[in-house]
Amino acid sequence: MADMSPDDTDFGDFVSNEDEELDLEELVEPWHKYDIKETPNVFYPVYLGEVLNDRYLVEHKLGFGGGSTVWMARDLYEKRDVALRVMSLGDWGENEYHVQDEILKNVEDTSHLMTYLGTFLLPGDKHRVLVFPVMDLNERNCMWGMTPLHDLNRSAKYEALGRPLKQTIPFVDLWKKGELVSPVIVPEDLRTEEFFLGDFGLAKKLSDSATQRGYPPSQYCSPERLHGKDPSFACVMWSYMVVFSVIYLGFVPFPTYLKEGVISAFVRCLGPLPEEWKGLCTDGLDSCVARAIDFDISNEDSIKDAASTSTYAMMRYYYGNETGQIPGAFPDKWWEGATLFLALLEYWHFTGDTTYNEELSVGLQWQSGTDGDYMPSNYSSYLGNDDQMFWGLAAMTAAEFSFPDRSTGFSWLSLAQGVFNTQIKRWDTSSCGGGLRWQIWPYQSGYGMKNAISNGGLFQLSARLARYTGDEIYLQWASKIWDWSVSSPLLSNTTWNVADSTDVANDCATQGNSQWTYNYGTYLVGAAYMYNYTNGTNQSQWLTAVDGLLNATFANFFLTDGVIEDYYCEPTETCNNNEILFKGLTSTWLALTALLVPSTFERIVAKLQTSGKAAAASCTGNNNGTCGVQWYKSTWDGWMGMEEQISATKVFTANLINFNKTAPVTSTTGGNSSSNPTAGEDDTDASSQKTTKITTGDKAGAAIVTAIFVAVWVGLMSFMMFGS
């Protein structure tokens, strides 16, 4: 047997540089989970080398989840290794404990269930701790057995499992010592063939009543549930076998893309519905499988309910609040996180529903980067100026809606200022007389373009900062960017055409004239902010710009039955995920324009109402509020995804301006987000070139790259007979 004498000095390694700190940040639970000011379900701070309950010596980290941290510890009494699941405060821990008791009392064979060996309460606020055998937690609530390491000393365990990397929990005024520790990645040669299920905190008996938030996907529901029948063991087995099919066969057995929805798939595969169900759907079959979201333009509660349904469906695509995930992160489409948080900000502001405020606040702060300018190290090497700009607009919106600043971290206003400060350093006078390039770095495809959304976005951000703070520098830059845009091929102040891009290679002599709603929308709302902030001759100039761009937007994009559409991709069904978001963004910017320029209010509201009704009619997919892309069809078109839900949510909340006509606040009308005019100035890695002195004759341009989005799913499988 190996030497078991304790090594009191070796409990892993503290981070030694910024790179290690950033690497650790990606692997551990968010530090705010330990801050009682941020969440009532606070974590208990643990550190390596601590002895819990006078018995368990903490030696390594196994993992963490939404409601607990899990540690590998040495049981000093039994001389063996155990796993300690340290629960957060609240009902989660006690429910896990009680469900475990029910399992132990009522389940005959628990050989493949991870059930506790013991339990105790920690001092202080009485966090529950459950003691388990050590297992490989890498598969979350599906776990492999693990070869015991009881006979190894700690150094040998670290050699087998990897040395833990750690740091003291930052930013939080803790009542005791605590550490953020990298979790173990169990080598495959230490896994056993045993397999276990665990994590029963949300489990219930079949006989228990349960209230489910939102709508379950119809393709997982048994036919009787879609006809108003109560839950039963049979419907549970039906859902289980559908899940089994997805896992092992790779497809859903009853698809929803048929004209009449999933019920049609049941009938096609299994035969007619039972005769006794006839008449249970008072509005016909479609009331079971294809009910559109109710949207009454004259009823505030109806619009709020529509927004609630689409927002819930939108948040099904967000994983940043789950175990092992990164708040606010969308690795393959980082900028879309900003649009999701914009939708959540608007949803909260216009409905008053705080359901998603914690995810919103945490994610918007988490992605801000170490310098408070939305240049996070994981993404900054391949960002475009437009990507960063959208996060700046989200932070600006938070400040204008008086969304509470977090007690630690950067204020929303300072984050918007950080984006502004880093972007003006990239103003490029080496070509085209000025302007922002589409991409930040020379090695990126698209660096040779100057595009409307990057320049129009910075114009919008500058105008909003000018109005909120009253600082002259932002007003100067807004005017500068506008003047340059008008002098370039991007923006015409006679025809009010907004081109998508222009090419640096020919000194911006030509334009890429693809037409997109959001290019018009960003210049329009920026001009609306300038109108609202200025007066006299300047205000008249901006009213001319608002009216010109608004008329062009209505003429170009409100086509079939007066419903907004991005006609460059919708009729041909070639919209990519980015393009699906454009009209949702534009809908919000139209609503803000109506609030800032009262003379436009009635015209804009009429357009938003028509589009909102059509969007609601498209949300009949999967019997769960799934919305489509082609709103003008007033029925679901088979498209589905996070982007569709974001755009629908934004047009729904935009319609609430008819009931809340309050313009965004400023620092003198109720805004209280802290200002930091030098935010982002210390980020020397955020710019590809030096700051240039403000002049008046600069030009810019833009470009967008399209990636084709295709979604096809098919399959049929017979599994269960129903009816006699």
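Small disclaimer: the values here were computed from a predicted structure and weren't measured. (Residues numbered from 1 in each chain as written. Predicted model: local features only at pLDDT ≥ 70, side-chain atom pairs only at ≥ 80, totals over all residues. Heavy atoms only, no water.)

K.L.:
Sorry, what's going on with the overall build of the protein chain here?
P.N.:
Summing up its helical and strand segments, the protein chain has 18 helices and 15 strands in all. In the protein chain, buried positions account for 56% of the 724 residues. Taken as a whole, the protein chain presents about 30,000 Å² of accessible surface, with 51% of it coming from carbon and sulfur. (Helix = DSSP H or I, 4+ residues; strand = E, 2+ residues; numbered from the N terminus. Buried < 20%, exposed > 50% of the residue type's maximum accessible area, 1.4 Å probe, protein only. Areas by Shrake-Rupley, 256 points an atom, 1.4 Å probe, with all protein chains shown as cover.)

K.L.:
Would you take a moment to explain the sheet that holds strand β10 (residues 165–168) for this structure?
P.N.:
Whether parallel or antiparallel, the strands of a sheet pair through hydrogen bonds between backbone atoms. Within the open sheet, the three strands sit side by side as β1-β10-β11. Their pairing is mixed. Unpaired on one side and paired on the other, β1 (13–14) and β11 (179–181) mark the two borders of the sheet. Here β1 runs beside β10; their pairing, made up of two bridges, is parallel. Its bridge partner lying in β10, F14 is registered against K166. (Pairing = 2+ DSSP bridges.)

K.L.:
Mind showing me how you'd approach the confidence of the model for the protein chain here?
P.N.:
Interpretation of the predicted coordinates at a detailed level should be avoided for regions scoring low in pLDDT. The share of residues in the protein chain with pLDDT of 70 or more is 84%, and the mean pLDDT across the chain is 84. The model gives residues 1–6 a pLDDT under 50, and that stretch makes 11 contacts with residues more than four places away or in other chains. A low-confidence stretch, residues 281–290 stays under pLDDT 50, and its non-local contacts, those more than four residues away or across chains, total 19 contacts. (pLDDT = per-residue confidence, 0-100. Contact = heavy atoms within 4.5 Å.)

K.L.:
Would you take a moment to explain the sheet that holds strand β4 (residues 68–75) for this structure?
P.N.:
Overall, antiparallel pairing links the six strands, which are arranged β2-β3-β4-β5-β7-β6 in an open sheet. Two strands close off the open sheet at either side, each with one partner strand: β2 (51–52) and β6 (118–121). Pairing geometry for β6 and strand β7 (residues 128–132), over four bridges, is antiparallel. Across the sheet, residue F120 finds its bridge partner in β7, namely V129. Here helix α3 (residues 154–161) sits on the sheet in contact with β3 (56–64), β4 and β5 (80–87), set at roughly 10° to β3. (Axes fitted to C-alpha atoms, helices over the stretch in contact; angles between N-to-C directions.)

K.L.:
Please explain helix α18 (residues 642–654) as it appears in this structure.
P.N.:
In an α-helix, one turn spans 3.6 residues; hence positions three or four apart end up facing the same way. Relative to the 18 Å expected for 13 residues at 1.5 Å per residue, α18 spans 18 Å between its end C-alpha atoms, a close match to the ideal helical length. Burial analysis of α18 places 13 of its 13 residues in the buried class, the great majority of the element. (Expected span 1.5 Å × (residues − 1).)

K.L.:
Is there a simple way to think about helix α14 (residues 517–533) in this case?
P.N.:
Taking 1.5 Å of rise per residue, 17 residues should cover 24 Å, and α14 covers 24 Å from first to last C-alpha, within 8% of that figure. Taking burial as the measure, the 17 residues of α14 include 15 buried ones, the bulk of the element.

K.L.:
Got a minute to help me understand the packing of helix α10 (residues 385–400) against helix α12 (residues 452–469) in this structure?
P.N.:
Packed helix pairs are specified by the crossing angle of their axes together with the interaxial distance, meaning the distance between the axes. Where α10 meets α12, the axes come as close as 9 Å, and the angle between the chain directions of the two elements is 25°. When the axes of α10 and α12 are compared, the pair comes out roughly parallel. Crossing of α10 against α12: the hand is left-handed. Taken together, the residues of α12 that come into contact with α10 (itself represented by N385, D386, M389, F390, G392, L393, M396, T397, A399 and E400) are I453, S454, G457, L458, Q460, L461, R464, L465 and Y468. (Parallel < 35°, antiparallel > 145°, perpendicular 65-115°, else oblique. Left-handed = near helix turned anticlockwise from the far one by under 90°.)

K.L.:
Can you help me understand the pairing of β7 in this one?
P.N.:
If a strand is regular, its side chains alternate between the two faces of the sheet. A large share of β7 lies buried, amounting to five of its five residues. Burial along β7 is two-sided: R128, L130 and F132 and V129 and V131, pointing in opposite directions, are all buried. Bridge count for β5 against β7 is four bridges, and the pairing is antiparallel. Within the sheet, the bridge partner assigned to V86 lies in β7 and is V129.

K.L.:
Any chance you could explain the packing of aromatic side chains here in plain terms?
P.N.:
The description of two aromatic rings rests on the distance between their centres and on the angle between their planes. Counted by the stated rule, this structure contains 34 aromatic pairs. Measuring from centroid to centroid gives 6.5 Å for F390 and W589, while their planes differ by 10°, and the two rings are stacked. Placement of the pair is F390 in helix α10 and W589 in helix α16 (residues 577–596), with a sequence separation of 199 residues. With a relative accessible area of 2%, F390 lands in the buried category. Cluster of aromatic residues (ring-pair linked, three or more members): W335, F390, W516, Y518, Y520, F557, Y567, Y568, F582 and W589. A cation over a ring is seen here: K583 above W631, with NZ or CZ 4.1 Å from the ring centre. Over the face of the ring belonging to F554 we find K607, whose NZ or CZ atom lies 5.3 Å from the ring centre. (Phe/Tyr/Trp six-rings, centres within 6.5 Å; stacked < 30°, edge-to-face > 60°. Lys NZ or Arg CZ within 6 Å of the ring centre and 35° of its normal.)

K.L.:
In this structure, what is going on with the pattern of salt bridges? I would like to understand it.
P.N.:
Opposite charge on two side chains permits them to pair, given that their charged atoms come into close proximity. Summed over the entire model, instances satisfying the criterion amount to 22 salt bridges. One salt bridge in this structure joins E346 and K650, with 2.9 Å as the shortest N-O distance. Linking E346 in helix α8 (residues 334–351) with K650 in helix α18, this pair joins segments that are 304 residues apart in sequence. The pair E346 / K650 is uniform in exposure class, with both members buried. (Salt bridge = Lys/Arg side-chain N within 4 Å of Asp/Glu carboxyl O.)

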